[in-house]
Amino acid sequence: MGAILIKGGRLIDPASGRDEVVDILIEGERVSRIAPSIEVQERMEVIDAEGKWVLPGLVDVHVHLREPGYEYKEDIESGSKAAVAGGFTTICCKANTNPVNDTGAITRYIVERAKEVGLCRIYPVGAVSKGLKGEELAEIGDMVANGAVAVSDDGRPVWNSELMRRALEYTKYFGIPVVDHCEDLALSGDGVVHEGKYSAITGLKGIPASAEEVMVARDIILARETKGRLHIDHVSTAGSVKLIEMGKDEGVCLSCEVTPHHLALTDEVIVTFDTDTKVNPPLRGEEHVLAVREALEKGIIDIIATDHAPHGAIDKDVEYTKAAFGISGLETALGVVLKLVNEGALSLKRAIEAMTIAPARIFGLDAGYVAEGGPADIVVVDPDKEWVVDPSRFYSKGKNTPFKGWKLKGKVVITICNGKLVYKNGEVVS
Ligand code: DOR
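Worth saying up front: this structure is predicted, and the values here are computed from it rather than measured.

*Asks:* I would appreciate a short explanation of the environment of glycine 206 in the present structure.
*Replies:* Considering the arrangement of structural elements, one finds glycine 206 in strand 12 (residues 206-207). A sequence separation of 13 residues divides glycine 206 from valine 193, and the C-alpha atoms of the two residues are 5.0 Å apart. The residues contacting glycine 206, other than those within four sequence positions of it, are Ser188, Gly191, Val193, His194, Glu195 and Ser199.

Here you go:
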């Protein structure tokens, strides 16, 4: 494999605290040198990064790739393309496929198919319970042996407290987190939007903030008791933030994430009845949005994860009450987060940290940093490039985005994964 020289870009690497203009040389699958100036030599592919940012390849620990079983919504190939177009070089995919990823055989299938596609690094998250039913533990050891890096029933909560307790206890043996979608199903019922002013205005059935918070509290109590590792999916309420802060202050082994859509949108957008605004947990009221932004900045919320949930037209072109929950997020995540940075709602360093080294550390992945000898996973971003979100141009099969038509500033121009150029000039290079 030839060498790639990235010249004159601003390297922002929160892992090392570096923020400086440098040249970066990639040889094979590794970054071989970082220096103020590296001489161009024959057989080097040179990338002129002047005026651009050079970041670690982004890491997303919450992605639905839908394969096996729901390939009409997304598959490992289309999801990989969407990832690298969005600047992600490492993604973790959830288990709510068909069949569910609850055995080593399914985990191995995903790992092997991801390698065949070969665009980005894909790590499966196995199920906590067989069939996501919350009754019996899944084959956790078998899945870990085949490459699973965490377990989660996401899409559903682990409703059964006794099983959740056992999962937290058992996974200590493997050193992996139990990742929970916190939702009390009795409280959320058949709700479809946040319970508040806009559920009243639209007449759509509400999901109270307490549906999330009750489960966050339960999980923290169980993690404290078992000393297991808990990671909480898509935090969306001010009350959850308070509980998480309390848990962390007490020393519970606890981390959590927030999505770009919960950071950027309030429930006001549901007045359009656009089913692309329907997501679980629902978009919340302003006080919640401000609380999750502040918590992310302070580190109470550790990371940003997309909850990339692609769906087909058949799932979304229906009445609001019948539509599937979910937002296709890989190709808009960085742009939406940079909009918040440009508006002063988040700091740039914290935003990048929350999309690179912080998630890699929580999931124990060798990713999310740029250093000599480290993996050659790098993204080049043009911070001044303005673009309009046009889902018809997504690589993802999921065109379901509430950000369609948004004008964003800051775009991925190059993605390099494992030393290979996988995205360039707006195109995936397969
Ligand atoms: O909106 C959502 N969609 N939330 C989830 O937790 C699951 C996801 C999906 O799988 O579509």
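Let's pick the thread back up.
*Asks:* For this particular structure, what's the right way to read the packing of aromatic side chains?
*Replies:* Working definition: an aromatic ring pair is given by the centre-to-centre distance plus the angle between the planes. One pass over the full model with this rule turns up three aromatic pairs. Relative to phenylalanine 174, the ring of tyrosine 170 lies with its centre 5.3 Å away and its plane at 85 degrees, an arrangement referred to as edge-to-face. Owing to a relative accessible area of 36%, tyrosine 170 belongs among the partly exposed residues under this scheme. Here the aromatic rings of phenylalanine 403 and tryptophan 406 are separated by 4.8 Å at their centres, their planes lie at 75 degrees, and the arrangement is edge-to-face.

*Asks:* Can you help me understand the site of the ligand in this one?
*Replies:* Around the ligand lies a shell of 14 residues, among which Arg66, Asn96, Asn280, His311 and Phe325 are the nearest. Asparagine 96 places a polar side-chain atom, nitrogen or oxygen, 2.9 Å from an oxygen atom of the ligand. Phenylalanine 325 is positioned with one of its backbone polar atoms (N or O) 3.0 Å from a nitrogen atom of the ligand. Residue composition of the shell around the ligand, grouped by class: three nonpolar, eight polar and three charged.

*Asks:* I'm lost on the nonpolar core in this one. Help?
*Replies:* In a soluble, globular protein the nonpolar side chains are often hidden away together inside. The biggest cluster of nonpolar side chains holds 92 residues, and the ones touching the most others in it are Ile91, Ile122, Ile232, Ile244 and Ile301. Considering every element that reaches this core, the biggest residue donor is helix 12 (residues 333-342), with seven residues. Beyond its immediate stretch of four places on either side in the chain, isoleucine 122 contacts Leu65, Ile76, Ser80, Ile91, Cys93, Ile110 and Ala114. Counting residues in hydrophobic clusters, the runner-up holds 19 residues, among them Val22, Ile24, Ile378 and Ile416.

*Asks:* Teacher, can you tell me more about the pattern of salt bridges here?
*Replies:* A side chain with one charge can pair with a side chain of the opposite charge if their charged atoms come near. The final tally for this structure, using the stated rule, is 28 salt bridges. A salt bridge links glutamate 77 to lysine 81; the nearest nitrogen and oxygen atoms lie 3.5 Å apart. On the criterion of helical spacing, the pair formed by glutamate 77 and lysine 81 is a turn pair, its members being four residues apart in helix 1 (residues 76-85). Glutamate 77 sits in the partly exposed class, given a relative accessible area of 34%. Among the ionic pairs, lysine 404 bridges to aspartate 274, the shortest N-O distance being 2.8 Å. Placement of lysine 404 in the loop between strand 16 (378-388) and strand 17 (407-417) and of aspartate 274 in the loop between helix 9 (260-264) and helix 10 (286-298) is noted, with a sequence separation of 130 residues between them. Connected via shared salt-bridge partners are Glu67, Glu77, Lys81, Arg113 and Glu116.

*Asks:* Any chance you could explain the packing of helix 1 against helix 2 (residues 104-117) here in plain terms?
*Replies:* Each pair of packed helices can be summarised by the angle the axes make with each other and by the distance between the axes. Interhelical geometry of helix 1 versus helix 2 gives an angle of 60 degrees and a closest axis separation of 10 Å. Judged by the angle between their axes, helix 1 and helix 2 are oblique. The two elements helix 1 and helix 2 meet at a crossing, and its hand is right-handed. Between helix 1 and helix 2, the residues in contact are Ile76, Glu77 and Ser80 and Ile110, Arg113, Ala114 and Val117, respectively.

Definitions and limits used
Residues numbered from 1 in each chain as written. Predicted model: local features only at pLDDT ≥ 70, side-chain atom pairs only at ≥ 80, totals over all residues. Heavy atoms only, no water. Helix = DSSP H or I, 4+ residues; strand = E, 2+ residues; numbered from the N terminus. Contact = heavy atoms within 4.5 Å. Phe/Tyr/Trp six-rings, centres within 6.5 Å; stacked < 30°, edge-to-face > 60°. Buried < 20%, exposed > 50% of the residue type's maximum accessible area, 1.4 Å probe, protein only. Near = heavy atom within 4 Å. Polar contact = N/O pair within 3.5 Å; in protein donor to acceptor, adjacent residues only side chain to side chain. Nonpolar A, V, L, I, M, F, W, Y, C, P; charged D, E, K, R; others polar. Core = buried A, V, L, I, M, F, W, Y, C linked by side-chain atoms within 4.5 Å. Salt bridge = Lys/Arg side-chain N within 4 Å of Asp/Glu carboxyl O. Axes fitted to C-alpha atoms, helices over the stretch in contact; angles between N-to-C directions. Parallel < 35°, antiparallel > 145°, perpendicular 65-115°, else oblique. Left-handed = near helix turned anticlockwise from the far one by under 90°.

In short, geometric facts, not functional conclusions.
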